[in-house]
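Structure at a glance
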Amino acid sequence: MFEEEKTEVIGSFCTLLEDFGGVSDGMIVGDYGHEVVVQLSSGHQIVASLDEVVIFD
C-alpha cells in the first residue's frame, strides 16, 4: 500500500494528457509519489501517473 505524501502539488490545477470520459481538467487532491489523485471537473476522482498530467502552478 502506498502512503500519501503532503506536498505542494496538492491543490494544483492540472490537465490530463488523455481525457477521461471527455474531461481532462481537474485538481490534484492526493499525492502518492509517482501517482496523484485527480478530481476532475466532472466530479470523478482518478489515479494518474505523473507522466499523464500537466500540473499548473
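Structure first, text after, so check above.
Residues numbered from 1 in each chain as written. Predicted model: local features only at pLDDT ≥ 70, side-chain atom pairs only at ≥ 80, totals over all residues. Heavy atoms only, no water.

1. A word on the pairing of strand E4 (residues 45-49)
- Burial along E4 is one-sided: Ile46 and Ala48 are buried, and none of Gln45, Val47 and Ser49, which face the opposite way, are.
- Judged from the five bridges that link them, strand E3 (residues 35-40) and E4 form a sheet pairing that is antiparallel. Within the sheet, the bridge partner assigned to Gln39 lies in E4 and is Gln45. (Buried < 20%, exposed > 50% of the residue type's maximum accessible area, 1.4 Å probe, protein only. Helix = DSSP H or I, 4+ residues; strand = E, 2+ residues; numbered from the N terminus. Pairing = 2+ DSSP bridges.)

2. Side note on a negative patch on the surface
- Side chains of Glu18, Asp19, Glu35, Asp51 and Glu52 sit close together on the surface and give a patch of like negative charge.
- As for its placement among the helices and strands, Asp51 is situated in the loop between E4 and strand E5 (53-55). (Patch = residues over 30% accessible without salt bridge, like charges linked within 9 Å, V, L, I, M, F, W, Y side chains within 5 Å. Areas by Shrake-Rupley, 256 points an atom, 1.4 Å probe, with all protein chains shown as cover. Salt bridge = Lys/Arg side-chain N within 4 Å of Asp/Glu carboxyl O. Lys, Arg positive; Asp, Glu negative; His and termini not counted. Charge placed at Lys NZ, Arg CZ, Asp CG, Glu CD.)

3. Some words on the nonpolar core
- Among the nonpolar cores identified, the biggest contains eleven residues, and these are Val9, Cys14, Leu16, Val23, Ile28, Val36, Val38, Leu40, Ile46, Ala48 and Val53.
- If you list the elements that add at least two residues to this core, you get strand E1 (13-20), strand E2 (23-31), E3 and E4.
- Examining the composition of this core, we find that three residues originate from one element, E3, more than from any other.
- With residues near it in sequence (within four places) discarded, Ile46 still touches Leu16, Phe20, Val36, Val37, Val38 and Leu40. (Core = buried A, V, L, I, M, F, W, Y, C linked by side-chain atoms within 4.5 Å. Contact = heavy atoms within 4.5 Å.)

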